[in-house]
Amino acid sequence: MTKKNVLLIKSSINGDFSKSNQLSNAIVEKIKNTYQECLIETIDLSENPLPFLTAEMYRAFSTPKSERSPAQSAVILPSENAIQQIKKADILVLAVPLYNFGIPASLKAWLDQIARANETFSYATGAPQGLLTNKKVYLAISSGGVYSEGMMKAYDFTENYLRIILGFMGMTDVETFRLEGIFVPNMGEHAVNKALEAVETFSF
Ligand SMILES: Cc1cc2nc3c(=O)[nH]c(=O)nc-3n(C[C@H](O)[C@H](O)[C@H](O)COP(=O)(O)O)c2cc1C
């Protein structure tokens, strides 16, 4: 039993009524029960979004730290803070609502702020190398339809995309939980219980 730093990242617009938040909260509870000591840090990107990437920010990312102007250092402060938070974390829990066949724009904005050459990935050796290693990631994906199987599986861009971008930054140990089919007749009413049961029976 060891101490774990857990970073919970929420992105639903639905606050307390959010299904992805409900699922991610259940995951965090199980993690808390598994490890003797957990420090949980929560970021709600819907309430506190990171800025969209700009040319000014991107130029500052590419400028060596010692050569950055005060204005450049200031403009990338949200990125620097977000990278510090993720570097500290042993476990990441991403609550991901499916919006318009993809992840919320606020979550994409966060990813754009943390995906930085020589900070979270590197091409120094010629091949891409992820620098955020030794982290466990749990995805808590909620959706109106069903995307894990059946005819909508081909439209499942969310899990695939997250596994690719997280893996690119070194986070390859990813476990997915889904709360899906909320709007599907005869399925929606069981969706929450089914998802929570999957969390309950999983060995964290
Ligand atoms: C703006 C918006 C777009 C949505 N787009 C989709 C979609 O493309 N596919 C789908 O299956 N469900 C879609 N839904 C339903 C949500 O995925 C579902 O309500 C889910 O529970 C949202 O997560 P949340 O409760 O954590 O906000 C959409 C919901 C909203 C509000």
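Heads up: these notes are all about the structure in this document.

Calculation rules
Residues numbered from 1 in each chain as written. Predicted model: local features only at pLDDT ≥ 70, side-chain atom pairs only at ≥ 80, totals over all residues. Helix = DSSP H or I, 4+ residues; strand = E, 2+ residues; numbered from the N terminus. Rg over C-alpha atoms; globule rule 2.2 N^0.38 Å. Buried ≥ 20, exposed ≤ 12 C-beta atoms within 10 Å, placed from the backbone. Contact = placed C-beta atoms within 7 Å. Pairing = 2+ DSSP bridges. Near = placed C-beta within 6 Å. Nonpolar A, V, L, I, M, F, W, Y, C, P; charged D, E, K, R; others polar. Expected span 1.5 Å × (residues − 1). Arc of directions from axis to C-beta.

## Describing the overall build of the protein
Item 1. Across its full length, the protein carries 7 helices and 7 strands.
Item 2. For the protein, the C-alpha radius of gyration of 18 Å lies close to 17 Å, the compact-globule estimate for 204 residues.
Item 3. The principal-axis extents of the C-alpha atoms in the protein amount to approximately 60 × 40 × 35 Å.
Item 4. Within the span of the protein, comprising 204 residues, buried residues form 34% of the whole.
Item 5. Partitioning the intrachain contacts of the protein with sequence separation of at least 6 by distance along the chain shows that 76% fall at a separation of at least 24.

## With respect to unusual backbone geometry
Item 1. The residue Phe101 is not glycine, and still its phi comes out positive at about 65°.
Item 2. Looking at where Phe101 falls in the secondary structure, it is placed in the loop between β3 (91-97) and α5 (105-114).
Item 3. We note that Asn118 has phi near 70°; this positive angle belongs to a residue other than glycine.
Item 4. When you line up the elements, Asn118 lands in the loop between α5 and β4 (121-122).
Item 5. A tally of 13 C-beta atoms within 10 Å means that Asn118 is categorised as partly exposed.

## Comments concerning the pairing of β3
Item 1. The element β3 is largely enclosed, with a buried count of 7 among its 7 residues.
Item 2. Neither face of β3 is exposed, since Ile91, Val93, Ala95 and Pro97 on one face and Leu92, Leu94 and Val96 on the opposite face are all buried.
Item 3. Pairing of strand β1 (residues 3-10) with β3 involves 4 bridges; the strand directions are parallel. Looking across to β3, one finds that Ile9 is bridged to Leu94.

## Regarding the site of the ligand
Item 1. Neighbouring the ligand are 16 residues, the closest being Ser12, Ser20, Pro97, Gly144 and Gly145.
Item 2. Mapped by element, the contributors of at least two residues to the shell around the ligand are α1 (19-34) and β6 (136-143).
Item 3. Top contributing element to the shell around the ligand by residue count: α1, with 3 residues.
Item 4. Grouping the constituent residues of the shell around the ligand by class yields 5 nonpolar, 10 polar and 1 charged.

## Re helix α6 (residues 157-168)
Item 1. With 12 residues, α6 extends 16 Å from end C-alpha to end C-alpha; this agrees with the ideal 16 Å at 1.5 Å per step.
Item 2. Those residues of α6 not exposed but buried are Thr158, Leu162 and Leu166. For α6, the arc enclosing every buried residue in end-on projection is 45°, short of the 170-degree limit, so these residues lie on one face. Residues of α6 that are exposed and angled more than 90 degrees away from the buried face: Asn160 and Ile164.
Item 3. Looking at the buried side of α6, the elements it contacts are β3, β6 and β7 (173-180).

Bear in mind that shape data such as this cannot, by itself, settle questions of function.
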